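Chain by chain, the residues run as shown.
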Amino acid sequence: MRTSIVLWSAFSGAVLGVFIDATLIGVALLLTAAIPGLAARLQQRWLAVAVVSVLGLILTASVTLGYLEGQLKTR
């Protein structure tokens, strides 16, 4: 019972993290469409690595927070 609560909370945190990441990607796509010169500036390798790292960090943080929430629910 306790394990399922913790896993379900971690899963819901992962889903929330995916929604946040998708929203940020959508905002970036809208900005590149609205500002024509921005797309050329964003095609740099270091920026792509930084963006992927930040999106991964957001997902990891949301899963961690979901896990901690599950831990609190089982106490």
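Everything below is about the structure printed above this text.
All values reported here derive from a predicted model rather than from experimental measurement. (Residues numbered from 1 in each chain as written. Predicted model: local features only at pLDDT ≥ 70, side-chain atom pairs only at ≥ 80, totals over all residues. Heavy atoms only, no water.)

## Quick word on the overall build of the protein chain
Now for step 1: Within the protein chain one finds 3 helices and 0 strands.
Now for step 2: The linear arrangement of helices and strands in the protein chain, starting from the amino end, is α-α-α.
Now for step 3: In summary, the protein chain has a C-alpha radius of gyration of 17 Å against a globular reference of 11 Å for 75 residues, an excess of more than 25%.
Now for step 4: Taken along its principal axes, the extent of the C-alpha atoms in the protein chain is 55 × 20 × 15 Å.
Now for step 5: The burial tally for the protein chain puts 16% of its 75 residues in the buried class. (Helix = DSSP H or I, 4+ residues; strand = E, 2+ residues; numbered from the N terminus. Rg over C-alpha atoms; globule rule 2.2 N^0.38 Å. Buried < 20%, exposed > 50% of the residue type's maximum accessible area, 1.4 Å probe, protein only.)

## Some words on the packing of aromatic side chains
Now for step 1: Under the definition given, this model contains 1 aromatic pair.
Now for step 2: Ring geometry for Trp 8 against Phe 11: centres 5.7 Å apart, planes inclined by 40 degrees, an arrangement best described as tilted. A residue pair is termed a helical-turn pair when its members lie 3 or 4 positions apart in one helix, as Trp 8 and Phe 11 do in helix α1 (residues 2–34) at 3 residues.
Now for step 3: Taking the relative accessible area as the measure of exposure, Phe 11 reaches 48% and is therefore partly exposed. (Phe/Tyr/Trp six-rings, centres within 6.5 Å; stacked < 30°, edge-to-face > 60°.)

## Focus: α1
Now for step 1: Helix length check: α1 (33 residues) gives 48 Å between terminal C-alpha atoms against 48 Å at 1.5 Å per residue, within 8%.
Now for step 2: Taken together, the buried positions of α1 are Val 6, Ser 9, Ala 10, Gly 13, Gly 17 and Asp 21.
Now for step 3: Those residues of α1 that are buried are in contact with α3 (45–73). (Expected span 1.5 Å × (residues − 1). Contact = heavy atoms within 4.5 Å.)

## Details of the packing of α1 against α3
Now for step 1: The interhelical angle for the contact between α1 and α3, taken along N-to-C directions, is 150 degrees, at an axis separation of 7 Å. With respect to each other, α1 and α3 are oriented roughly antiparallel. Taken as a pair, α1 and α3 cross one another with a handedness that is right-handed. Touching Ile 5, Val 6, Ser 9, Ala 10, Gly 13, Ala 14, Gly 17, Val 18, Ile 20, Asp 21, Leu 24 and Ile 25 of α1 are Leu 55, Ile 58, Leu 59, Ser 62, Val 63, Gly 66, Tyr 67, Glu 69, Gly 70, Gln 71 and Lys 73, all from α3.
Now for step 2: Along the lines of polarity and charge, the residues of the contact of α1 with α3 split into 13 nonpolar, 7 polar and 3 charged. (Axes fitted to C-alpha atoms, helices over the stretch in contact; angles between N-to-C directions. Parallel < 35°, antiparallel > 145°, perpendicular 65-115°, else oblique. Left-handed = near helix turned anticlockwise from the far one by under 90°. Nonpolar A, V, L, I, M, F, W, Y, C, P; charged D, E, K, R; others polar.)

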